[in-house]
Amino acid sequence: MDNRPIGFFDSGLGGLTCIPYLMKRLPEEKIIYYGDTARTPYGSKAESTIRSFSLEIADFLVKSNVKMIVIACNTVSATCLDDIQKRFPSIPVIGIIEPTATEVAEICDENDRVGIIGTKVTVSSHAYRNLISKGNSRIKIFETPCPAFVPLIEEGIIDNEIMNLTIRYYMDDFVRDNKLDTVILGCTHYPLIQDNIRKIYPELNIVNPSSIVVSRIEQELEAGDMFAQKSDFENVFFASDLSENFLNMIDHIFKNEKAKVKFLNFDFEKERMRRDSADEL
């Protein structure tokens, strides 16, 4: 038994899409979430910058006494998973890509044509392609970046024609030319436009890593005898910019599942400036 919270983090609000699946499957588990909304998106940044930001957030979560870190960000999972695991060898650190790649390798075969959509960094890393091919080299895999999705989603531009036109811009030729039957949402923001994609391409099988990663979390908790019991711990959601968009998106994602939740702002840049000013005094 371990009543410490599970730490989740993402470049912004996308990682929130994992949380309802966890709450439904493991309702006793408590959460500390960090969304780096002030510095999003990560998907077009240099890997060194992504690594620096990610280790900073992981340090913050460990200091908050989490029992596990879930990297609810495909970009970070593709670039920094090993770095974070090496930095914190005493606690499980789970990326979101490997569990999904393992499942796709198991359920698909040589007749399937799988498309991967994600940020520029995730797609250029070929992390999904390499892991799926390692598990099942017969699957045909195609990739394309969709860099405008995250900024639009972060701004709440989802249920309108602008988003639908953007989806068509990135995906019409990609789906048609490669004769895709399956698409992996290779960014945790993308489940927020899953319904849009399903309406535009009703024949596609959509794979959502935000739901799949919960099975891996459960496996790790069981292996370490770390399941939580009922407690009064409040789920805490940090954001580096606790904006109206972030709070509205929490309303959109969680609906009636927000019992015992508090929201806090923590900006690393502002905290550094505060410390520097204090040191000067």
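Residues numbered from 1 in each chain as written. Predicted model: local features only at pLDDT ≥ 70, side-chain atom pairs only at ≥ 80, totals over all residues. Heavy atoms only, no water.

Student: I'm lost on the pattern of salt bridges in this one. Help?
Tutor: Any two side chains of opposite charge can pair, so long as their charged atoms come close to each other. In this structure the tally under the stated criterion is 16 salt bridges. The residue Lys-67 makes a salt bridge to Glu-29 at a minimum N-O spacing of 2.7 Å. Note that Lys-67 is positioned in the loop between helix H2 (47-63) and strand S3 (68-71) and Glu-29 in the loop between helix H1 (19-25) and strand S2 (31-35), a separation of 38 residues in sequence. You can call Glu-29 buried: its relative accessible area is 4%. The partner of Glu-110 in a salt bridge is Arg-138, and the shortest N-O contact between them spans 3.2 Å. On the criterion of sequence distance, the pair formed by Glu-110 in the loop between helix H4 (97-107) and strand S5 (113-118) and Arg-138 in the loop between helix H6 (127-135) and strand S6 (140-145) is long-range, its members being 28 residues apart. (Salt bridge = Lys/Arg side-chain N within 4 Å of Asp/Glu carboxyl O. Helix = DSSP H or I, 4+ residues; strand = E, 2+ residues; numbered from the N terminus. Buried < 20%, exposed > 50% of the residue type's maximum accessible area, 1.4 Å probe, protein only.)

Student: Looking at this structure, how should I read empty space enclosed by the protein?
Tutor: One water molecule sets the probe size; rolling that probe over the atoms shows where empty space is left. Here the structure, examined in full by the defined rule, presents 1 cavity of 30 Å³ or more. By volume, the largest cavity is sized at about 60 Å³. Lining the largest cavity are 13 residues, and of these Ser-11, Cys-73, Thr-75, Thr-119 and Cys-187 sit closest to its centre. For the lining of the largest cavity, the residue count by class is 5 nonpolar, 7 polar and 1 charged. (1 Å grid on protein atoms, 1.4 Å probe; cavity = no way out; pocket = protein on both sides within 12 Å on 5 of 7 lines; lining within 4 Å. Points joined across faces, edges and corners; volume = space filled by probe spheres on them. Nonpolar A, V, L, I, M, F, W, Y, C, P; charged D, E, K, R; others polar.)

Student: Can you help me understand the sheet that holds strand S1 (residues 6-10) in this one?
Tutor: Sheet strands associate in pairs through backbone hydrogen bonding, adopting either a parallel or an antiparallel arrangement. Spatially, 6 strands are ordered S4-S3-S1-S2-S9-S10 in an open sheet, and the strand pairing comes out parallel. Each of the sheet's edge strands pairs with one partner strand only, and the pair in question is strand S4 (93-95) and strand S10 (261-265). Recorded for the sheet is a direction-independent mean angle of 20° between the axes of neighbouring strands. Relative to S10, strand S9 (residues 235-239) runs parallel, the two sharing 5 bridges. Within S10, the position partnered with Phe-238 by the bridge is Leu-264. (Pairing = 2+ DSSP bridges. Axes fitted to C-alpha atoms, helices over the stretch in contact; angles between N-to-C directions.)

Student: Help me understand the packing of aromatic side chains in this model?
Tutor: Each aromatic ring pair is summarised here by two numbers: the centre-to-centre distance and the angle between the ring planes. Per the counting criterion, the structure on display carries 12 aromatic pairs. Aromatic pair Tyr-33 and Phe-237: ring centres 6.0 Å apart, planes at 40°, arrangement tilted. Here Tyr-33 is found in strand S2, whereas its partner Phe-237 is found in strand S9, with 204 residues between them in sequence. The same class applies to Tyr-33 and to Phe-237, which are both buried. Each ring, one from Tyr-169 and one from Tyr-170, has its centre 5.2 Å from the other, and the planes form 65°; the classification is edge-to-face. Through a chain of ring-to-ring contacts, three or more aromatic side chains come together here, namely Tyr-34, Phe-60, Phe-238, Phe-266 and Phe-268. For the cation-ring pair, Arg-39 lies above Phe-53, with the distance from its terminal atom to the ring centre recorded as 3.7 Å. (Phe/Tyr/Trp six-rings, centres within 6.5 Å; stacked < 30°, edge-to-face > 60°. Lys NZ or Arg CZ within 6 Å of the ring centre and 35° of its normal.)

Function-wise, these values are silent; they only describe arrangement.
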